[in-house]
Amino acid sequence: SANRNETPNWLKQRAFLTPNRLAIRYEGKNYSFLDLHQLVEKRARQLHQIDIKRGDTVGLLMKNSLEMVINIHALMYLGAVNVLLNTRLTAEELLWQINDANIKCVICDDELSVHFPGKKVMTLSELKLCDEKEAALDDSFILDDVATIMYTSGTTGKPKGVQQTFGNHWWSAIGSVLNLGLKDGDCWLLAVPLFHISGLSILMRSVIYGIGIVLHSSFSAKEANRAIKNEGVTIASVVTAMLNDMLQELGSDTYPKSFRCMLLGGGPAPRPILEQCREKEIPVFQTYGMTETCSQIATLAPEFCFSKLGSAGKPLFPAQIRIVADGRDCSPNEEGEIVVKGPNVTPGYLHRPDATNEAIRDGWFYTGDLGYLDEEGFLYVLDRRSDLIVSGGENIYPAEVEAVILSHPSVKDVGVVGKENKKWGKVPHAFVVRSEEVSEEELRQFCLKKLAKYKVPKGFTFVESLPRNASKKLLRRKLKEWL
Ligand code: ATP
Ligand code: MG
């Protein structure tokens, strides 16, 4: 029928519409959309030579690189499903995901090559040497088809395979651009992992909008700042830890006026950092989203970025957000679970009907995050429900306490978790990484000035570094083990 829910193959269409525009800048070289499309067609035929075809599930175990981008698109051209594997996982964790997703073949960077029992593994060098075999390449994408599978970070527990359809990616990209707009010469810095939705979503936006990417193989504050200052980057996606490093590296320098958006997501956005950015006139936009929503579901619109500092904004145009507690909708400013809906939300977890039915009820996705909406409908994200510390009947959000401690000049990094306590049930405990000498007593006094007494950590432990995952997220469950 004529009304199949489909779009043209995005990169192919882009290479047809605007062939000469910059697609990717990588290691000092520029590639146009036509260049990229041609590299992808060749790769698709090489993948076909090793018997990859429509419906196959293929794992990618790669660090950010032009080759990784080529492989992602090539698998889409063949109608195969990309499973983006996290390069920081152990072989055992990877094998679990590879089996869970029923992967036919793993394509990996040479130095990441591991033997997975019973699975075909192909290194990039081997793949590049393959002959090409004629293959039917997709001219269009069916929006309901699963394009990618991404395991959740596992910040809170065992990872689940999130199915992301072409439609999820499409609506995510559209929702973002309806909020941020599109400017001539826009160029997005991609220095977050492509195996996370924060990175992959930039790649999808690039081909859908026709804008360039500056791709970094890993994050370096110096390189990121250089890309913004000298290479025409207008938008960058960062998490708090990255932004911190960038601000430090920037020193008294500033970004050019053409740099219009620092998209800050992935975790809590401590107020002191937002304020520091405001002082330096860095346009920082807090955003809220997750693997299951295929990136952003709410983002603070440019015109509110100062008046609503601290908020993650309103839902993107195609999405809806509610706050629910005890099965009913909360009133403004009342805290509850953040519940979302939209065409960017996953149809469910792979082979996990139990987890899917628990998360998706009546078409609404229950995020497991706590927050509230103000009278005007702006979202404030508090913390994960599982990290909430209930102390003597009071709720303590670790993110709030961490933000205060982090604003102390001698503190480089901090994580707060609940510690068992006979009298209060739980009390907050802080793990602190210092940049210079500071005593426990001094930190306690500092907190007492800025936080209600029950929120001030009862104990401080000084450590060398904190456990963070590949997206630099604090692993509070590891901290709980440290207690
Ligand atoms: P797992 O689901 O396996 O525990 P994860 O939730 O960390 O891992 P992601 O999907 O990468 O994996 O992260 C999404 C989560 O990050 C959100 O559910 C939320 O807890 C947190 N987050 C994202 N944006 C914000 C924000 N603006 N403020 C606070 N937390 C945020
Ligand atoms: Mg999650």
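Residues numbered from 1 in each chain as written. Chains lettered and ligands numbered in written order. Predicted model: local features only at pLDDT ≥ 70, side-chain atom pairs only at ≥ 80, totals over all residues. Heavy atoms only, no water.

All right, on to the pairing of strand β16 (residues 295-299) then. In terms of residue burial, β16 counts as a mostly covered element, since 5 of its 5 residues are buried. Hairpin connection, strand β15 (residues 284-290) to β16: the antiparallel pair is bridged by 4 residues, and Cys-294 has positive phi, about 55°. One ladder, built from 2 bridges, connects β16 with strand β17 (residues 314-315); its direction is antiparallel. Looking across to β17, one finds that Thr-299 is bridged to Lys-314. (Buried < 20%, exposed > 50% of the residue type's maximum accessible area, 1.4 Å probe, protein only. Helix = DSSP H or I, 4+ residues; strand = E, 2+ residues; numbered from the N terminus. Pairing = 2+ DSSP bridges.)

Working definition: the strands of a sheet are paired by backbone hydrogen bonds and lie parallel or antiparallel to each other. Overall, mixed pairing links the 9 strands, which are arranged β3-β2-β12-β11-β13-β14-β15-β16-β17 in an open sheet. Looking at the sheet topology across the chains shown, the edges are occupied by β3 (29-32) and β17. As paired elements, strand β13 (residues 235-238) and strand β14 (residues 261-264) share 4 bridges and run parallel to each other. When the bridges of β14 are listed, Val-238 appears paired with Leu-264. Against the sheet, helix α2 (residues 33-49) touches β2 (22-26) and β3, its axis set at about 80° to β3. Sheet strands touched by helix α9 (residues 240-250): β13, β14 and β15. Its angle to β13, the strand with the most contacts, is close to 120°. (Contact = heavy atoms within 4.5 Å. Axes fitted to C-alpha atoms, helices over the stretch in contact; angles between N-to-C directions.)

Where interface size is quoted, it is often the accessible area lost as the parts come together. When cut into domains, the protein gives domain 1 (6-142), domain 2 (166-385) and domain 3 (388-482). Placing a centre on the C-alpha atoms of domain 1 and another on those of domain 2 gives a separation of 26 Å. A buried area of about 2,400 Å², summed over both sides, lies between domain 1 and domain 2, and 67% of it is on carbon and sulfur atoms. The largest contributions to the domain 1 side of the interface with domain 2 come from Trp-10, Arg-25 and Asn-64, which together make up 31% of the buried area. Between the two partners, domain 1 and domain 2, sit 1 salt bridge. Notably, a salt bridge pairs Glu-231 with Arg-25, separated by 2.4 Å at the nearest N-O pair. Viewed at the interface, domain 2 and domain 1 are joined by 11 residue pairs in polar contact (both at pLDDT 80 or more). Counting only elements with at least two residues in the side of domain 1 that touches domain 2, the list comes to α1 (10-17), β2, α3 (66-78) and β8 (140-142). The element best represented in the side of domain 1 that touches domain 2 is α3, accounting for 6 residues. For the side of domain 1 that touches domain 2, the class distribution of residues is 18 nonpolar, 5 polar and 4 charged. (Domains from an automatic or database assignment. Buried area = accessible area lost by both parts, 1.4 Å probe. Salt bridge = Lys/Arg side-chain N within 4 Å of Asp/Glu carboxyl O. Polar contact = N/O pair within 3.5 Å; in protein donor to acceptor, adjacent residues only side chain to side chain. Nonpolar A, V, L, I, M, F, W, Y, C, P; charged D, E, K, R; others polar.)

Tallied over the full model, the rule gives 29 salt bridges. Between Glu-132 and Arg-45 there is a salt bridge; the shortest N-O distance is 3.0 Å. Placement of the pair is Glu-132 in the loop between α5 (124-129) and β8 and Arg-45 in helix α2, with a sequence separation of 87 residues. Salt bridges here are not isolated pairs; linked through shared partners, they connect Asp-383, Asp-387, Glu-402, Arg-476 and Lys-480.

Another aspect to go through is the pairing of strand β20 (residues 336-341). Among the 6 residues of β20, 5 are classified as buried, and the element is accordingly described as predominantly covered. Note that strand β18 (residues 320-325) and β20 share 5 bridges and pair antiparallel. Paired with Gln-320 across the strands is Lys-341, a residue of β20. In this sheet, strand β22 (residues 364-373) lies alongside β20 in antiparallel orientation, the contact comprising 4 bridges. Its bridge partner lying in β22, Glu-337 is registered against Leu-370.

This next bit is on the packing of α1 against α2. Between two packed helices, what matters for the description is the angle formed by their axes and the separation of those axes. Relative orientation of the contacting elements α1 and α2 amounts to 140°, with a least axis distance of 8 Å. Between α1 and α2, the crossing angle belongs to the class labelled oblique. Crossing of α1 over α2 shows left-handed handedness. Residue-level contacts link Leu-11, Lys-12, Arg-14 and Ala-15 of α1 to Phe-33, Leu-34, Leu-36, His-37 and Val-40 of α2. Looking at the contact of α1 with α2, its residues break down into 6 nonpolar, 1 polar and 2 charged. (Parallel < 35°, antiparallel > 145°, perpendicular 65-115°, else oblique. Left-handed = near helix turned anticlockwise from the far one by under 90°.)

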